[in-house]
Amino acid sequence: MSEQYSTNLAAQFKWGPSSGKPGSPLTAVVAGSSSGNRAVQDIRTVELLEYALDGKTRETLCSYLVEKHDLVRAEAEHEVEELIESGLLLENHQQVEGGQTWFEHDWDRSLYYHLSTRDESVIEPRVYEQELETATQGDRDVIELPTPEEVPDEPLDKVLLDRRTCRDFDGSPIDSTDLSSILYHALAPIRKATRDDEQNVSDGASFFEASRFPLTIYPVVARSPDVESGVYRYELERHSLRNLDTEYTEKETDDLLQSIVVNQPFIEDAPVTLVISTDIQKFRHIHPQSMGLRHLFTVVSTHAHRLLLTANAFGFDVFQCAALKDSLADGVVGADGFDEAVVYTLTIGRETEEDE
Ligand SMILES: Cc1cc2nc3c(=O)[nH]c(=O)nc-3n(C[C@H](O)[C@H](O)[C@H](O)COP(=O)(O)O)c2cc1C
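These lines cover the structure that appears in this document, whether it is placed above or below.

With that settled, consider the overall build of the protein chain. Within the protein chain one finds 12 helices and 13 strands. By the burial criterion, 45% of the 356 residues in the protein chain qualify as buried. In the protein chain, 71% of the contacts between residues at least 6 apart in sequence involve partners at least 24 apart. Per element, the accessible surface of the protein chain, about 19200 Å² overall, is 48% carbon and sulfur.

Quick look at the structure:
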């Protein structure tokens, strides 16, 4: 009997940014495949992959393209061959074992991580070479943050005991100095480890090393007297904000943030939300084993909670949330959801005081 082919369960589709590049903005990528992103030139490819979901012979797939899409036989054969080579179509026995179960449990991100790491060498993990963005003088999109204030002299146990999740913000703004202080002090250990490493390279890998820091923090500012409403990227080394999109009013920023959290109205009236993404690709290289994903979420939480407690120490209240609509959250900061994905938000502001 002829071999049956079906659509790879690990295939993902994504609309690319309208970068003005020629070709289709729709790309297909297969987690764990070395063939990279593949531009989907024609919607018939998506239709064919849908048709192939339950397994079809090569011959049937070609006939489908000939009959439904008027391709000549040679073109149809070429197209099916290309889909097989790029890993979008797999022989049935090549499908990941128990594949459907991963999706039924909403474990797709774990599946993609597993597929992308299962062939990495455990013995000799690849060394990640840090790509430092070169600072350009007079860059108008970069806002230097003011000098941070000292952390208030408050005992840690008091900060911990007084901390409560805030679900009712009072609409008051945050200024750039407070934002600067929170970001600066929460991430100070990472900057410090980097400086120490420069002096003592043989010191070994530290949890705090900037080259191993897998997060990007995007402050989304809604209310501030001296920072325009909009989306920014925090640049750790330069302690500055890069303006990504400030075409928003306060209310639009609230609505934007509201649209990325699952059924939770608490972000409204807060001055700033830190949208935290992880560089999954970088983390895979540092921790090539499958358990790297679990480790990644621990790392994210640890850094996020330092940000949270630093904000508390400066007298702010915080709403932490991981219940996000993934692709919408990615869209706000321009993450692609494959190599970089948003995993956490911290909304910082002041809680409405209760009437006595
Ligand atoms: C990772 C994480 C995600 C959370 N996500 C939500 C959330 O989506 N919605 C919510 O109301 N609370 C969320 N919380 C807050 C918890 O519900 C809260 O911490 C818990 O109720 C204990 O209350 P406390 O933080 O005031 O001590 C989250 C907490 C953590 C640590």
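Between side chains of opposite charge, a pair can form as their charged atoms come close. Enumeration according to the criterion identifies 16 salt bridges in this entry. Arginine 38 is the partner of glutamate 82 in a salt bridge, and the nearest nitrogen-oxygen pair spans 2.8 Å. On the criterion of sequence distance, the pair formed by glutamate 82 in helix H3 (residues 73-85) and arginine 38 in strand E4 (residues 38-39) is long-range, its members being 44 residues apart. Assessed through its relative accessible area of 17%, arginine 38 is described here as buried.

Close to the ligand lie 13 residues; Arg163, Thr165, Arg167, Gln264 and Gln320 are nearest. Here an oxygen atom of the ligand sits 2.4 Å away from a polar atom, N or O, in the side chain of threonine 165. A distance of 2.4 Å separates a nitrogen atom of the ligand from a polar atom in the side chain of glutamine 264. Top contributing element to the shell around the ligand by residue count: strand E12 (residues 317-321), with 3 residues. The residue makeup of the shell around the ligand, split by class, is 6 nonpolar, 4 polar and 3 charged.

A pair of packed helices is captured by two measures, namely the crossing angle of their axes and the spacing between those axes. Put simply, helix H1 (residues 43-51) and H3 touch, their axes get as near as 12 Å, and they point 70 degrees apart. Taken together, the axes of H1 and H3 lie roughly perpendicular to each other. Our pair here, H1 against H3, has a crossing hand that is right-handed. Between H1 and H3, the residues in contact are Arg44, Thr45, Leu48 and Leu49 and Glu79, Val80 and Leu83, respectively. Within the contact of H1 with H3, the residues separate by chemical class into 4 nonpolar, 1 polar and 2 charged.

Our next topic: the pairing of strand E9 (residues 230-235). For E9, the tally of buried residues reaches 5 of 6 residues, placing the bulk of the element in the interior. For strand E8 (residues 215-221) and E9, the ladder comprises 2 bridges, and the chain directions are antiparallel. The residue of E9 that forms the bridge with valine 221 is glycine 230.

Moving on, we come to the packing of aromatic side chains. Taken as a whole and judged by the stated rule, the model has 3 aromatic pairs. On the numbers, 4.2 Å between centres and 15 degrees between planes, the contact of tyrosine 51 with tyrosine 64 is stacked. Separated by 13 residues along the polypeptide, tyrosine 51 in helix H1 and tyrosine 64 in helix H2 (residues 58-69) bring together distant segments of the chain. We classify tyrosine 51 as partly exposed; its relative accessible area is 28%. Ring plane angle 70 degrees and centroid distance 5.2 Å describe the contact between phenylalanine 266 and phenylalanine 319, whose orientation is recorded as edge-to-face. Of this pair, phenylalanine 266 sits in the loop between helix H9 (250-258) and strand E11 (272-279) while phenylalanine 319 sits in strand E12; the two residues are 53 residues apart in sequence, bridging distant segments of the chain. Given the relative accessible area of 21%, phenylalanine 266 is considered partly exposed. Overall, the relative accessible area of 3% leaves phenylalanine 319 in the buried class. One residue, lysine 56, lies across the ring of tyrosine 51, its end atom 4.4 Å from the ring centre. Sitting over the ring of phenylalanine 316, arginine 350 keeps its end group 4.0 Å from the ring centre.

For E11, a buried count of 7 out of 8 residues is recorded, marking the element as mostly surrounded by other parts of the structure. Here E8 pairs with E11 via 7 bridges, running antiparallel. By the bridge assignment, threonine 216 is partnered in E11 with serine 277.

Our focus in this paragraph is the environment of lysine 68. Within the secondary structure, lysine 68 sits in helix H2. Distance in space between the C-alpha atoms of lysine 68 and arginine 44 is 8.9 Å, their sequence separation being 24 residues.

Procedures and definitions
- Residues numbered from 1 in each chain as written.
- Predicted model: local features only at pLDDT ≥ 70, side-chain atom pairs only at ≥ 80, totals over all residues.
- Heavy atoms only, no water.
- Helix = DSSP H or I, 4+ residues; strand = E, 2+ residues; numbered from the N terminus.
- Buried < 20%, exposed > 50% of the residue type's maximum accessible area, 1.4 Å probe, protein only.
- Contact = heavy atoms within 4.5 Å.
- Areas by Shrake-Rupley, 256 points an atom, 1.4 Å probe, with all protein chains shown as cover.
- Salt bridge = Lys/Arg side-chain N within 4 Å of Asp/Glu carboxyl O.
- Near = heavy atom within 4 Å.
- Polar contact = N/O pair within 3.5 Å; in protein donor to acceptor, adjacent residues only side chain to side chain.
- Nonpolar A, V, L, I, M, F, W, Y, C, P; charged D, E, K, R; others polar.
- Axes fitted to C-alpha atoms, helices over the stretch in contact; angles between N-to-C directions.
- Parallel < 35°, antiparallel > 145°, perpendicular 65-115°, else oblique.
- Left-handed = near helix turned anticlockwise from the far one by under 90°.
- Pairing = 2+ DSSP bridges.
- Phe/Tyr/Trp six-rings, centres within 6.5 Å; stacked < 30°, edge-to-face > 60°.
- Lys NZ or Arg CZ within 6 Å of the ring centre and 35° of its normal.

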